[in-house]
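Structural features, examined
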Amino acid sequence: MAHLGSRRTRALTLPVGLALTASLGFLPTGAASAAPSDGAPSAAAPADGPKLSYVVNTQGGAATVKQVRKAIERAGGTVVIAYDRIGVIVVHSQNPDFARTVRGVRGVQSAGATRTNPIVPQATKDIGVEQPLTAEQERSAAARATAGQDPLEPLQWDLPAIKADKAHQKSLGSSKVTVAVIDTGVDDTHPDLAPNFDRRASADCVSGAPDTTDGAWRPKTGESDHGTHVAGTIAAAKNGIGVTGVAPGVKVSGIKVGNPDGFFYTEAVVCGFVWAADHGADVTNNSYYTDPWMYNCKNDPDQGALVEAVARATRYAERKGTVNVAAAGNSAEDLAADTIEDASSPNDTTPAPRTIDPKVCLDIPTMLPGVVTVSATGAKGLKSSYSNYGNGVIDVAAPGGDSTVYQTPEPPATNGLILSTLPGGGYGYKAGTSMASPHVAGVVALIKSKHPYASAAAVKALLTLEADATACGAPYDIDGDGTVDAVCEGGKNRNGFYGAGVVDALDAVRW
């Protein structure tokens, strides 16, 4: 998930104070146009509205896309890029009636604006680092490191929590496996990431079209450090420096989809999945939700089009063999409830509180079919105080950290959050389902290393079969005030807090 303080870091990350933000998704059914035509009216399309970005989803292949492109231009749209293989076209337009007009074009299944705020030059915003590691903490940790441990590994309580430390004695993962970090950018110059970074599979997708200029995938000064933190959890090298990743022998790529203000818009997310799939990514990690709607309702023409576009992209990636892993969200919401209150959407203009049905209005990409949905646990192995949950929604759980007030780690670890890499060669702590998801992506990478020819479906099956089943346990009163804070439904082998259980890195390398 994103930064904690600003809801922006759609990254499902949590602030130091563990302020809770939400996230979750669903896929819509894009309805075909009821009155198809071959294009927009012959009159010149108005161009006096705000410049917005749109996705147009077509019903056919390349030939249909070509026909629809012409209609888009007549309707006052400019094509940014067309993903013919999934029938999704990214468009900019200042025609206020663009979406409505294009929905009436023959061959168009759905179309919608990806934002409510006009496209304008973005100013950078320093969201800061929740808890950077101090030099004294680094020296203290290094003094406790045993043979075979990287200097800061004693502070990583999350590795033994999923048996990654034991797994590393058997395998570090294969350098032939790549995990794509679809996020805010990755600093590949970090000494713990440089050895495992896959430049060929990296790009900047913020505009909706890939930019492969050298370093385009890196966060600029003042931009979010979220993606770099996520990348370290997955694949920080076991090289005698800093921290160790869950799969320190695999490759990691950076696909930047968060803009300078931290928004993850649909066109960027679609680009991210397609780029990852076309460049051999075995796994994608998605610790964000797609802005500006926390929940996209399939019966809304704009939101439904966004769900359809992202769903097409995730399906395309999975057909190419990619396992997509995503964070469940930090709102402490029951995603299997009858209704949820959403007071933050749209988050790029003025939110309008609404009551949504999570069976109809879900977060994307987290809850799209086929995507592995991850909840977070703390240092005591309990659901993190902020983590979303939901019986039938959560697939697996993994360490995401929690306040030491609620879950204190065993020594020598002292901080209940997750320690990982930060831009500029630094290290720091974050918490959130954003931090849980990359643990799962790392375990998936270990499974893929062990079974290089396994399909995405087979890898996901192994992930859940190998997970350590975790029962709901006693009534969940995380703050100890005598009031139940969340209700866990289901049995030991599958429930709303932990899904099939906490992922197991050791089983991933020995099965």
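To be clear, the structure that these remarks concern was listed above.
Please read all numbers here as calculations on a predicted model, not as lab measurements.

**Here we look at the pattern of salt bridges**
Taken as a whole and judged by the stated rule, the model has 21 salt bridges. Among the salt bridges present, the one from Lys-163 reaches Asp-468, with a minimum N-O distance of 2.7 Å. With Lys-163 in the loop between helix H4 (158–161) and helix H5 (164–167) and Asp-468 in the loop between helix H10 (456–466) and strand E19 (490–491), this pair connects stretches of sequence that are 305 residues apart. Note that Asp-504 is salt-bridged to Lys-163, the shortest N-O span being 2.6 Å.

**With respect to the side chain of Thr-373**
In this structure, Thr-373 sits in strand E15 (residues 372–377). A polar contact of 2.8 Å, which involves the side chain of Thr-373, links it to the backbone oxygen of Thr-366. With residues up to four places along the chain from it excluded, the contact list for Thr-373 reads Ala-326, Ala-328, Thr-366, Met-367, Val-393, Ile-394, Asp-395 and Val-396.

**Observations regarding the packing of aromatic side chains**
Summed over all chains, the structure comprises seven aromatic pairs. Ring centres of Tyr-389 and Phe-497 lie 5.3 Å apart, and the angle between their planes is 80°; this geometry places the pair in the edge-to-face category. Here the residue Tyr-389 occupies a position in the loop between E15 and strand E16 (396–399), and Phe-497 occupies one in the loop between strand E20 (494–495) and helix H11 (505–510), the gap between them amounting to 108 residues. Here the two residues Tyr-389 and Phe-497 agree in accessibility, since each one is buried. An angle of 85° between the planes, with centres 5.8 Å apart, marks the rings of Phe-497 and Tyr-498 as edge-to-face. Side by side, Phe-497 and Tyr-498 carry an identical accessibility label, which is buried. Ring pairs connect the aromatic residues Tyr-389, Tyr-476, Phe-497 and Tyr-498, which therefore count as one cluster. One residue, Arg-115, lies across the ring of Tyr-265, its end atom 3.9 Å from the ring centre. Stacked on the ring of Phe-497, the Lys or Arg Lys-383 has its end atom at 5.5 Å from the ring centre.

Criteria and thresholds
Residues numbered from 1 in each chain as written. Predicted model: local features only at pLDDT ≥ 70, side-chain atom pairs only at ≥ 80, totals over all residues. Heavy atoms only, no water. Salt bridge = Lys/Arg side-chain N within 4 Å of Asp/Glu carboxyl O. Helix = DSSP H or I, 4+ residues; strand = E, 2+ residues; numbered from the N terminus. Polar contact = N/O pair within 3.5 Å; in protein donor to acceptor, adjacent residues only side chain to side chain. Contact = heavy atoms within 4.5 Å. Phe/Tyr/Trp six-rings, centres within 6.5 Å; stacked < 30°, edge-to-face > 60°. Buried < 20%, exposed > 50% of the residue type's maximum accessible area, 1.4 Å probe, protein only. Lys NZ or Arg CZ within 6 Å of the ring centre and 35° of its normal.

From the geometry alone we can't say anything about function, so treat these as descriptive.
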